[in-house]
Amino acid sequence: MALAVTNSNISPRKLRDDLYFYSYQQDSNIPLVISVLASLIERNLARNQRIAKNCTWALSKNIRTRVFDCHETPDMTIQSYLERIFRYTRAGPSVYVVAYVYIDRFCQLYPEFRINPRNVHRLLITTIMVASKYVEDMNYRNSYFARVGGLTTNEMNKLEMEFLFMMGFKFHVNVSVFESYCCHLEREVSIGGGYEIERTLRCAEEIKSKQREERRCSQITRVLL
């Protein structure tokens, strides 16, 4: 069942603040984009489960995509899993948007692949880790992402390597693509609410530039003090 995105926890100003001026302080709240992404993934998961129940051919025959399958289904909702990743990595909202882009590209490249309870968690931690490396200047090691995602370091390394080659190392996300996916997230929360996400969203390069500038200013301040 898809998670509900209600009017009580979303406002146009909050959405814009999350995407534009998100604070990386330790006391920052969970970005709203996580709830929206969780809702999309949960709905896709439910749809695929209905299809698989009625069509045996819906199961993936591609051995390569089975790399994301786990032996036991994790007892954690998508929302809780994404919140866990956020709490321990502090990846900003743009990382989750880019991860969403990667998931969509992957599904387009491998149309026989279906997100299901056995592969969704590994797919999420892998795409978020790769997106974090693309968007952020500073990142945790693969071993740290592995612990956050409930995997071994070897499993995390294998998933990343397989994903990179399966995607053909095509991970660039330009401004227009980033904006279009944000608009899709906008439509996800606009049903009955009419909320908007700012149109001129920053791309990954701009985010990196701002982070570098903030660090330079911080270094200069420490020197002056």
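Residues numbered from 1 in each chain as written. Predicted model: local features only at pLDDT ≥ 70, side-chain atom pairs only at ≥ 80, totals over all residues. Heavy atoms only, no water.

The protein chain goes by Cyclin in an unreviewed UniProt entry, where it is assigned to Nicotiana tabacum.

**A short note on helix α5 (residues 120-135)**
Operational definition: Helix and strand assignments follow DSSP, with helices taken as H or I runs no shorter than four residues and strands as E runs no shorter than two, numbered in order from the N terminus. In this analysis, the expected span of each helix is defined as 1.5 Å times one less than the number of residues it contains. Exposure categories follow from relative accessible area, calculated using a 1.4 Å probe and restricted to protein chains: below 20% of the type maximum is buried, above 50% is exposed, and the middle band is partly exposed.
Look at α5: 22 Å from first C-alpha to last across 16 residues, which is about the 22 Å you get at 1.5 Å a residue. Of all 16 residues making up α5, 15 are buried, and the element is well covered by its neighbours.

**Let's talk about the confidence of the model for the protein chain**
Selection criterion: Per-residue confidence from the prediction method is given by pLDDT, with values spanning 0 to 100. Contact definition: two residues touch when any of their heavy atoms are within 4.5 Å.
This prediction gives the protein chain a mean pLDDT of 78; 68% of its residues lie at or above 70. Across the protein chain, element-level confidence peaks in helix α7 (residues 153-166) with a mean pLDDT of 97 and bottoms out in helix α1 (residues 12-20) with 53. This model gives residues 1-12 a pLDDT under 50, and the stretch forms 25 contacts once residues within four places in sequence are excluded.

**Looking at the environment of V173**
Residue placement: V173 occurs in the loop between α7 and α8 (175-190). Separated by 72 residues in sequence, V173 and V101 place their C-alpha atoms 8.0 Å apart. Residues in contact with V173, not counting those within four places in the same chain, are V98, V101, Y102, R105, Y134 and F178.

**Observations regarding the packing of helix α6 (residues 142-149) against α7**
Quick reminder of the rule: Every axis in this analysis is a line fitted to C-alpha atoms, fitted for helices over the stretch in contact. Angles between the N-to-C directions lie between 0 and 180 degrees. An angle below 35 degrees is read as roughly parallel, one above 145 as roughly antiparallel, one from 65 to 115 as roughly perpendicular, and any other as oblique. Ten residues, namely Ala, Val, Leu, Ile, Met, Phe, Trp, Tyr, Cys and Pro, are considered nonpolar, four, namely Asp, Glu, Lys and Arg, are considered charged, and the remaining ones, Gly among them, are considered polar.
Between α6 and α7, the least distance of the axes is 8 Å, while the angle of their chain directions is 105 degrees. As summarised for this structure, α6 and α7 are arranged roughly perpendicular, according to the angle between their axes. Listed contacts from α7 to N142, S143, F145 and A146 of α6 are T153, M156, N157 and E160. Residues belonging to the contact of α6 with α7 are distributed by class as follows: 3 nonpolar, 4 polar and 1 charged.

**Some points on the pattern of salt bridges**
So the rule is basically this: Salt bridge, as used here: a side-chain nitrogen of Lys or Arg that lies within 4 Å of a carboxyl oxygen of Asp or Glu.
Evaluation of the coordinates by the stated rule reveals 2 salt bridges. Salt-bridge contacts for R122 lead to E155; the nearest nitrogen and oxygen are separated by 3.3 Å. In this pair, R122 is assigned in helix α5 and E155 in helix α7, connecting sequence segments 33 residues apart. Its relative accessible area of 27% is what places E155 among the partly exposed residues. The partner of K133 in a salt bridge is E160, and the shortest N-O contact between them spans 2.6 Å. Of the two residues, K133 sits in helix α5 while E160 sits in helix α7, which places them 27 residues apart along the sequence. Of the residues examined, K133 reaches a relative accessible area of 36% and is grouped as partly exposed. By relative accessible area, which is 13% here, E160 ends up buried.

**What to know about the environment of M129**
Among the structural elements, M129 can be located in helix α5. In this structure, the C-alpha to C-alpha distance between M129 and Y140, residues 11 residues apart in sequence, is 8.9 Å. Setting aside anything within four residues of it in sequence, one finds M129 in contact with N142, F145, M156 and E160.

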